[in-house]
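Structural description and commentary
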Amino acid sequence: MVDERKDGAYGTPQKYDPTFKGPIYHRGCTDVICCVFLLLAIVGYVAVGIIAWTHGDPRKVIYPTDSRGEFCGQKGTKNANKSYLFYFNIVKCASPLVLLEFQCPTPQICVEKCPNRYLTYLKAHGTQEFEYYKQFCVPGFKQNKAVTEVLRDGDCPAVLIPSKPLVQRCFPAIHAHKGVLMVGNETSYEDGHGFRKNITDLVEGAKKANGILEARHLAMRIFEDYTVSWYWIIIGLVIAMVLSLLFIILLRFLAGIMVWVMIVMVILVLGYGIFHCYMEYSRLRGEAGSDISLVDLGFQTDLRVYLHLRQTWMAFMIILSILEVIIILLLIFLRKRILIAIALIKEASRAVGYVMCSMLYPLVTFLLLCLCIAYWASTAIFLSTSNEAVYKIFSDTDCQAVGKTCNPENFSSSSEFHLCPGAHCQFAFYGGESTYHRALLGLQIFNAFMFFWLANFVLALGQVTLAGAFASYYWALKKPDDLPAFPLFSAFGRALRYHTGSLAFGSLLLAIVQIIRVMLEYLDQRLKAAENKFAKFLMTCLKCCFWCLEKFIKFLNRNAYIMIAIYGTNFCTSARNAFFLLMRNIIRVAVLDKVTDFLFLLGKLLIVGSVGILAFFFFTHRIRIVQDTAPPLNYYWVPILTVIVGSYLIAHGFFSVYGMCVDTLFLCFLEDLERNDGSMERPYFMSPTLKRLLNKTNRKPAES
């Protein structure tokens, strides 16, 4: 291998230091100013949380509210026994006003049960059925008005139709029968007074809102699948955890063999996937409807229909074949580098074996991240629900007063009511005009920024802790005799005691870029309707640039934290030294480090693929543990995708420790080559396998 050490634009190589024996224990605090800023920001974050919890009410998100802003089905309120929200004219919910005001421009009341029959106000008026009809009128309604006055003032709905509750709202019971859209059991209803048009309008409105209703129907079916399969999903995740742990243990003792077995297994798994796709493609030949293209079929909520198309399996087969070819070519051209990568993995296996508690540290990171997510989510909910109820004037007619704020208590005697006789004063949204309400958007941005900062700080703390422990292993000349006691706890204590400011600095840089990316995504969503092509191009360029910047900062931070763990220098110095060290060895960085990442990726794919195939055969009833083990599902891809994603996250958690170990040992390995030459005074600290692969040796003392 070419020796890349030379002076130049990327600094000078590390000099030999006879006192250097690994991570420096006698060090001072770094980046104290950033530490102070972090503490002040946390105090402010706690203050924002207290203010939000004081003013907020999460029930506004969970429970529906009627036209007066009162909750449905809440204990201690007048609507305690009325759990469902009923719309007088749900057709108006398809109005564009819903997107602007987040409220249907029709009276809404809380009811005990959704209507279960066809009934018009005119037919019910003066009959025994009026007692049933009256429960769907506004609270306190008295039958002292003419029919036309009641309908004009919106005291009662013009017609009731059979409805079913969905997320505590009453929606028409619409279904298809022999290609005809039906409401309840009838396509229409007419009582001789012209009310057939109301039902027709309702069905037409339902057609307009079909997309919303289908989306909700899909969400409800997915929720049902989770309720009947959650315990099998947990079993699948436990299997993934056991496989990951077993893989790590085997890697400890059989690193070389395991890596090659892993490579072969991934190739075989992809090969089986190609074979299975080909068999399904061949099986569908000649079946009716199997030659329909994906474009012609369009989007379908039931994704199982795509598995009946030959084009779907052809696409799967092509994708898997491309992956198979890429992996085989990489293995052919990088086979020599793989040997060195395997040596690094073997060294990492020994390091993890001597610091076994490092495998449990991801649980600490996971718990701290859960705490950050829970605080951010609860604060965001309380902030979004800390507004006051705002009432506005709604009317079907063109009136100047429409959209103005109003008071429902005295609206009937106000000038706006006389100006717009058919108008209603009803709850519109939650807002406010106070200083606090005007600052809510800024508080939400601060909440998101603090979440990114603290989450990145937690990840940085884990990286510095693991790097310090594994660096102690590498720089122990006689392993494990020279390894300090409790290296992981020592590294954790050093990170918190001396380098909180440096971790805050690195995580702050990353949080700034991430919050900018979030704001760009928000602006992009708001500007989607714009036809300015230059603005769209500029937005795309900005999003791409900040994505690349985030990836670079993550890479730089990771290596800077390793330097901090070893030398105890501040963030900027550590980042500079790490960057220059990597640039002086750019070939090794581009090949060895990335080949190792590639091998770990194959390990993750092997675990995820194995668990995913097992889940596929189980939830599609291809295999059974006992009779009828798998639960009946609406969409079997729901638990399968959940198991696959969860398995990847679990495998990533285990392999992240190995990844940090390899990165740390890699930087230590590069410094070892620069600091030492294999002489008695300057022996190499690397493993015998690495020395043999690099043609390096430690000279033995001359025999007398």
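Below: a short report on this structure. (Residues numbered from 1 in each chain as written. Predicted model: local features only at pLDDT ≥ 70, side-chain atom pairs only at ≥ 80, totals over all residues. Heavy atoms only, no water.)

Each helix and strand in the protein was counted, giving 23 helices and ten strands. Looking at the protein residue by residue over its 704 residues, the buried ones come to 46%. In the protein, the proportion of contacts linking residues at least 24 apart, taken out of those at least 6 apart, comes to 72%. For the protein, the accessible area works out to roughly 37200 Å², and carbon and sulfur atoms hold 65% of it. (Helix = DSSP H or I, 4+ residues; strand = E, 2+ residues; numbered from the N terminus. Buried < 20%, exposed > 50% of the residue type's maximum accessible area, 1.4 Å probe, protein only. Contact = heavy atoms within 4.5 Å. Areas by Shrake-Rupley, 256 points an atom, 1.4 Å probe, with all protein chains shown as cover.)

Quick look at the packing of aromatic side chains now. What the rule picks out here adds up to 24 aromatic pairs. Between Trp53 and Phe382, the ring centres sit 6.4 Å apart and the planes meet at 70 degrees, which makes this aromatic pair edge-to-face. Here Trp53 is found in helix H1 (residues 32–55), whereas its partner Phe382 is found in helix H13 (residues 361–384), with 329 residues between them in sequence. Every member of this aromatic cluster is reached through a ring pair, and the members are Tyr45, Trp53, Tyr375, Phe382 and Phe446. Above the face of the Tyr132 ring, Arg117 is positioned so that its terminal group lies 3.7 Å from the ring centre. The cationic tip of Arg310 hangs over the ring face of Tyr281; the distance from NZ or CZ to the ring centre is 3.9 Å. (Phe/Tyr/Trp six-rings, centres within 6.5 Å; stacked < 30°, edge-to-face > 60°. Lys NZ or Arg CZ within 6 Å of the ring centre and 35° of its normal.)

Below, the discussion takes up the environment of Phe618. By the element assignment, Phe618 lies in helix H21 (residues 586–619). A relative accessible area of 9% means that Phe618 is categorised as buried. Each C-alpha atom, one on Phe618 and one on Tyr636, is 9.7 Å from the other, the two residues being 18 residues apart in sequence.

Its 24 residues give helix H11 (residues 310–333) an end-to-end C-alpha distance of 35 Å, which sits within 8% of 34 Å, the value for a rise of 1.5 Å per residue. When H11 is considered as a whole, its buried residues turn out to be Arg310, Thr312, Trp313, Met317, Leu320, Glu324, Ile327 and Leu331. (Expected span 1.5 Å × (residues − 1).)

For the rest of this paragraph, the subject is the side chain of Glu347. One can find Glu347 in helix H12 (residues 335–354). Among the residues examined, Glu347 registers a relative accessible area of 2% and is labelled buried. A distance of 3.5 Å separates the side chain of Glu347 from the side chain of Tyr473, its partner in a polar contact. Setting aside chain neighbours within four positions, we find Glu347 in contact with Tyr473, Lys479, Leu665 and Ser687. (Polar contact = N/O pair within 3.5 Å; in protein donor to acceptor, adjacent residues only side chain to side chain.)

This brings us to the state of the cysteines. Considering all chains together, one arrives at three disulfides under this definition. Cys114 shares a disulfide with Cys170; S-S distance 2.0 Å. Looking along the S-S bond of the Cys114-Cys170 disulfide, the torsion reads about -85 degrees, which is the left-handed sense. Of this pair, Cys114 sits in the loop between strand E2 (108–111) and strand E3 (119–120) while Cys170 is found in strand E6 (residues 169–172), placing the two residues 56 residues apart along the sequence. For the pair shown, Cys114 and Cys170 are each scored as buried. With a sulfur-sulfur separation of 1.9 Å, Cys137 is cross-linked through a disulfide to Cys156. On the sign convention where negative means left-handed, the S-S torsion of about 110 degrees between Cys137 and Cys156 marks this disulfide as right-handed. In this pair, Cys137 is assigned in the loop between helix H5 (130–134) and helix H6 (147–153) and Cys156 in the loop between H6 and strand E4 (159–160), connecting sequence segments 19 residues apart. The exposure class assigned to Cys137 is buried, which follows from its relative accessible area of 4%. (Disulfide = S-S within 2.5 Å.)

What follows concerns the environment of Leu309. Secondary-structure assignment places Leu309 in the loop between helix H10 (294–297) and H11. When its relative accessible area of 4% is taken as the criterion, Leu309 is described as buried. Spatially, the C-alpha atoms of Leu309 and Ala288 are 9.8 Å apart, while their sequence positions differ by 21 residues.

Packed helix pairs are characterised by how far apart their axes lie and by the angle those axes make with each other. Where H13 contacts helix H16 (residues 440–474), the two axes come as close as 10 Å, and the packing angle between them is 175 degrees. The angle between the axes of H13 and H16 places the two elements in the roughly antiparallel class. Classifying every residue of the contact of H13 with H16 gives 18 nonpolar, seven polar and no charged. (Axes fitted to C-alpha atoms, helices over the stretch in contact; angles between N-to-C directions. Parallel < 35°, antiparallel > 145°, perpendicular 65-115°, else oblique. Nonpolar A, V, L, I, M, F, W, Y, C, P; charged D, E, K, R; others polar.)

For the pair helix H19 (residues 533–567) and helix H20 (residues 571–584), interaxial distance at closest approach is 8 Å and the crossing angle is 105 degrees. Our classification of the angle between H19 and H20 gives roughly perpendicular. Facing Phe552, Phe555, Leu556, Asn557, Asn559, Ala560, Tyr561, Met563 and Ile564 of H19, the residues of H20 in contact are Phe571, Ser574, Ala575, Asn577, Ala578, Phe579, Leu581 and Leu582.

Interpretation in functional terms is not warranted from these geometric data alone.
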